[in-house]
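Observations on the model geometry
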Amino acid sequence: MATERTYIMVKPDGVERGLVGEIIKRFENKGYQLLALQMIKPTKELLEEHYTDLKEKPFFPGLIKYMSAGPVVGMVWIGKDIVKVGRRLLGETNPLASNPGTIRGDFGIDVGRNLCHGSDSPDNAEREISLWFPNGVVQWDPTENNMTQKDL
Ligand code: IDP
Ligand code: MG
């Protein structure tokens, strides 16, 4: 099982509904490690590049409009098998097909308002991380500083 990075993003509907903390909590509770976090109002050009594989789809113009309607919260997470398991935490693309216990299953209804994004392969994850965080992201070891000690 490889340690991988993935790009997770709370979409404009997720931000508007106040689900940023809830979505972060699920990845933290699982035990994954946060490497980067930003709120950004993406340009159409950035979104078109992010979703370049979908540009022939009939829903593409609506997708770009939806995604540029408000700020998004983009994150990089790292951990074992996180690309696949991260998508399991998100649920199916269609929230109505998503199991309860998943983010889309618990909070969504429409495929065009499905709250969150997760990379679909390790290669795409690295592509998306470079796209959204062109200045790079930190590396840190969550055990190195022993921040939980009580005798301070
Ligand atoms: P994913 O987000 O689960 O990886 P993709 O197939 O990569 O799903 O599609 C990207 C996004 O495009 C979806 O999350 C959703 O917001 C939107 N989308 C996908 N299929 C449809 C559709 O049939 N109608 C409207 N929007 C769609
Ligand atoms: Mg996808």
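The model shown is predicted, which means the values in this text are computed figures rather than measured ones. (Residues numbered from 1 in each chain as written. Chains lettered and ligands numbered in written order. Predicted model: local features only at pLDDT ≥ 70, side-chain atom pairs only at ≥ 80, totals over all residues. Heavy atoms only, no water.)

**Observations concerning the site of ligand 1**
- Taken together, K11, Y51, L54, F59, L63, Y66, R87, T93, R104, V111 and N114 are the residues near ligand 1.
- Taking V111, its main chain carries an N or O atom lying 3.4 Å from an oxygen atom of ligand 1.
- Out of a free accessible area of 530 Å², ligand 1 has 73% covered by protein chains. (Near = heavy atom within 4 Å. Polar contact = N/O pair within 3.5 Å; in protein donor to acceptor, adjacent residues only side chain to side chain. Areas by Shrake-Rupley, 256 points an atom, 1.4 Å probe, with all protein chains shown as cover.)

**Description of the environment of L34**
- Along the chain, L34 turns up in strand β2 (residues 33–40).
- Residue L34 is classed as partly exposed on the basis of its relative accessible area, which comes to 22%.
- The sequence separation of L34 and F60 amounts to 26 residues, and the corresponding C-alpha distance is 30 Å.
- Look past the residues within four positions of L34 in its chain and what remains in contact with it is M75, V76, W77 and W140. (Helix = DSSP H or I, 4+ residues; strand = E, 2+ residues; numbered from the N terminus. Buried < 20%, exposed > 50% of the residue type's maximum accessible area, 1.4 Å probe, protein only. Contact = heavy atoms within 4.5 Å.)

**Observations concerning the packing of helix α2 (residues 20–30) against helix α5 (residues 82–90)**
- Contact geometry for α2 and α5: axes closest at 11 Å, N-to-C directions at 135°. As judged from the angle between their axes, α2 and α5 are oblique. You can see that α2 and α5 cross each other, and the crossing is right-handed. Contact residues: R26, F27 and K30 in α2; V85, G86, L89 and L90 in α5.
- Here the contact of α2 with α5 is built from residues that sort into 4 nonpolar, 1 polar and 2 charged. (Axes fitted to C-alpha atoms, helices over the stretch in contact; angles between N-to-C directions. Parallel < 35°, antiparallel > 145°, perpendicular 65-115°, else oblique. Left-handed = near helix turned anticlockwise from the far one by under 90°. Nonpolar A, V, L, I, M, F, W, Y, C, P; charged D, E, K, R; others polar.)

**Focus: the packing of aromatic side chains**
- For the structure shown, the criterion picks out 3 aromatic pairs.
- Considering the side-chain rings of Y7 and F133, the 6.4 Å spacing of their centres and the 70° angle between planes classify their relative orientation as edge-to-face. Note that Y7 is positioned in strand β1 (residues 3–10) and F133 in the segment after α7 (122–132), a separation of 126 residues in sequence.
- Three or more aromatic residues link up through ring pairs in this structure, and these residues are Y7, W132 and F133. (Phe/Tyr/Trp six-rings, centres within 6.5 Å; stacked < 30°, edge-to-face > 60°.)

**Things to note about the side chain of E4**
- With respect to the secondary-structure elements, E4 resides in strand β1.
- In this structure the side chain of E4 is engaged in a polar contact, spanning 3.0 Å, whose partner is the backbone nitrogen of V83.
- Leaving out residues up to four positions away in the same chain, E4 has contacts with W77, I78, G79, D81, I82, V83 and P122.

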